[in-house]
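# Per-entry structural report
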Amino acid sequence: MKESKRRILFVDGPNLNVLGEREPSVYGAQTLADIRKTVSGVARREGAAVAFFQSNHEGEIVEKLQEARRGADGIVINPAGYTHTSVSIRDALLFSGLPAIEVHLSNPAKREDFRKVSLVEDVVMGRICGIGGYGYVLALQALLHILREEKPRARR
Ligand code: DQA
């Protein structure tokens, strides 16, 4: 039986729409569009379908994660500042029931104490931090690996 394309949803939180201009010494010179272009190229080679979503609003991210339950097989999420504060994004990730990878461009463990707390770290499969935009590519590959290993399951 031919395997159907894996569908991976990328979710980015607040201020990631201004990557490239925002604190480039911390987050690098790449824009979100640059990162998405690279990820799309890798997805094409891997035979995966990718969709991208960025919002500066917590409720919009919650709604996207709720919808993902039916429209995706896995999630790559950089909740940005909400990583450290949002119970609602954590709850929506759990609701999605999907395997997820948490990505951060910077390494929060090396930064201010308030960034050392992640409210999603224990509901994701794993975390990729401090590799810049390439972390998104690694997260895609990790998720595809996890999904390949997983027993086939019915699509919702
Ligand atoms: C970030 C780290 C967060 O602490 C910060 O609020 C961000 C970006 C990162 O990708 O390094 O907005 O998630």
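Whatever comes next refers back to the structure up there.
Calculation notes
Residues numbered from 1 in each chain as written. Predicted model: local features only at pLDDT ≥ 70, side-chain atom pairs only at ≥ 80, totals over all residues. Heavy atoms only, no water. Pairing = 2+ DSSP bridges. Helix = DSSP H or I, 4+ residues; strand = E, 2+ residues; numbered from the N terminus. Axes fitted to C-alpha atoms, helices over the stretch in contact; angles between N-to-C directions. Parallel < 35°, antiparallel > 145°, perpendicular 65-115°, else oblique. Contact = heavy atoms within 4.5 Å. Near = heavy atom within 4 Å. Polar contact = N/O pair within 3.5 Å; in protein donor to acceptor, adjacent residues only side chain to side chain. Nonpolar A, V, L, I, M, F, W, Y, C, P; charged D, E, K, R; others polar. Phe/Tyr/Trp six-rings, centres within 6.5 Å; stacked < 30°, edge-to-face > 60°. Buried < 20%, exposed > 50% of the residue type's maximum accessible area, 1.4 Å probe, protein only. Lys NZ or Arg CZ within 6 Å of the ring centre and 35° of its normal. Core = buried A, V, L, I, M, F, W, Y, C linked by side-chain atoms within 4.5 Å.

### A closer look at the sheet that holds strand S1 (residues 7-12)
Spatially, the five strands line up as an open sheet ordered S2-S1-S3-S4-S5, and their pairing is parallel. Each edge of the open sheet is held by one strand with a lone partner, namely strand S2 (49-54) and strand S5 (126-129). Direction aside, neighbouring strands of the sheet carry axes that sit 20° apart on average. Bridging between strand S4 (residues 100-104) and S5 involves four bridges; their strand directions are parallel. When the bridges of S5 are listed, His-104 appears paired with Cys-129.

### Describing the packing of helix H3 (residues 58-71) against helix H4 (residues 87-96)
What describes two packed helices is the angle between their axes and the distance between those same axes. The geometry of H3 relative to H4 is characterised by a closest axis approach of 8 Å and an angle of 10° between their N-to-C directions. Accordingly, the angle class assigned to the pair H3 and H4 is roughly parallel. Seen from H3, the contacting residues are Glu-58, Ile-61, Val-62, Leu-65, Gln-66 and Arg-69; seen from H4, they are Ser-88, Ile-89, Ala-92, Leu-93, Phe-95 and Ser-96.

### A short note on the site of the ligand
Every residue near the ligand is listed here: Arg-22, Tyr-27, Asn-78, Ala-80, Gly-81, His-84, His-104, Leu-105, Ser-106, Arg-111 and Arg-115. At 2.9 Å from an oxygen atom of the ligand is found a side-chain nitrogen or oxygen belonging to Asn-78. A distance of 2.7 Å separates an oxygen atom of the ligand from a polar atom in the side chain of His-84. Residue composition of the shell around the ligand, by class: three nonpolar, five polar and three charged.

### Quick word on the packing of aromatic side chains
This structure, assessed with the given rule, holds two aromatic pairs. Taken together, a centroid distance of 5.3 Å and an interplanar angle of 45° make the contact between Phe-10 and Phe-52 tilted. Of this pair, Phe-10 sits in strand S1 while Phe-52 sits in strand S2; the two residues are 42 residues apart in sequence, bridging distant segments of the chain. Ring geometry for Phe-10 against Tyr-136: centres 6.5 Å apart, planes inclined by 20°, an arrangement best described as stacked. Here Phe-10 is found in strand S1, whereas its partner Tyr-136 is found in helix H5 (residues 134-149), with 126 residues between them in sequence. Judged by relative accessible area, which is 2%, Tyr-136 ranks as buried. Three or more aromatic residues link up through ring pairs in this structure, and these residues are Phe-10, Phe-52 and Tyr-136. The lysine or arginine in question, Arg-69, covers the ring of Phe-95, its NZ or CZ lying 4.4 Å from the ring centre.

### Points about the side chain of Ser-55
Structurally, Ser-55 can be placed in the loop between S2 and H3. According to the relative accessible area criterion, Ser-55 is buried, its value standing at 2%. A polar contact of 2.9 Å, which involves the side chain of Ser-55, links it to the backbone nitrogen of His-57. A polar contact is formed between the side chain of Ser-55 and the side chain of Glu-60, at a distance of 2.7 Å. Ser-55 has contacts with Asp-12, Gly-13, Pro-14, Glu-60 and Ile-61, leaving out every residue within four places of it along the chain.

### Quick notes on the nonpolar core
Taken as a class, soluble globular proteins show a tendency for nonpolar side chains to be buried jointly. Membership of the largest hydrophobic core comes to 25 residues, with the highest contact counts inside it found for Ile-8, Val-76, Tyr-136 and Leu-140. Where this core is concerned, the elements lending two or more residues are S1, helix H2 (32-46), S4 and H5. Those residues within four positions of Leu-140 in sequence are excluded, and the remaining contacts are Ile-8, Phe-10, Val-39, Val-42, Ala-43, Val-50 and Val-76. Counting residues in each nonpolar core, the second largest holds 19 residues, with Ala-92, Leu-93, Val-120 and Val-123 among its members.

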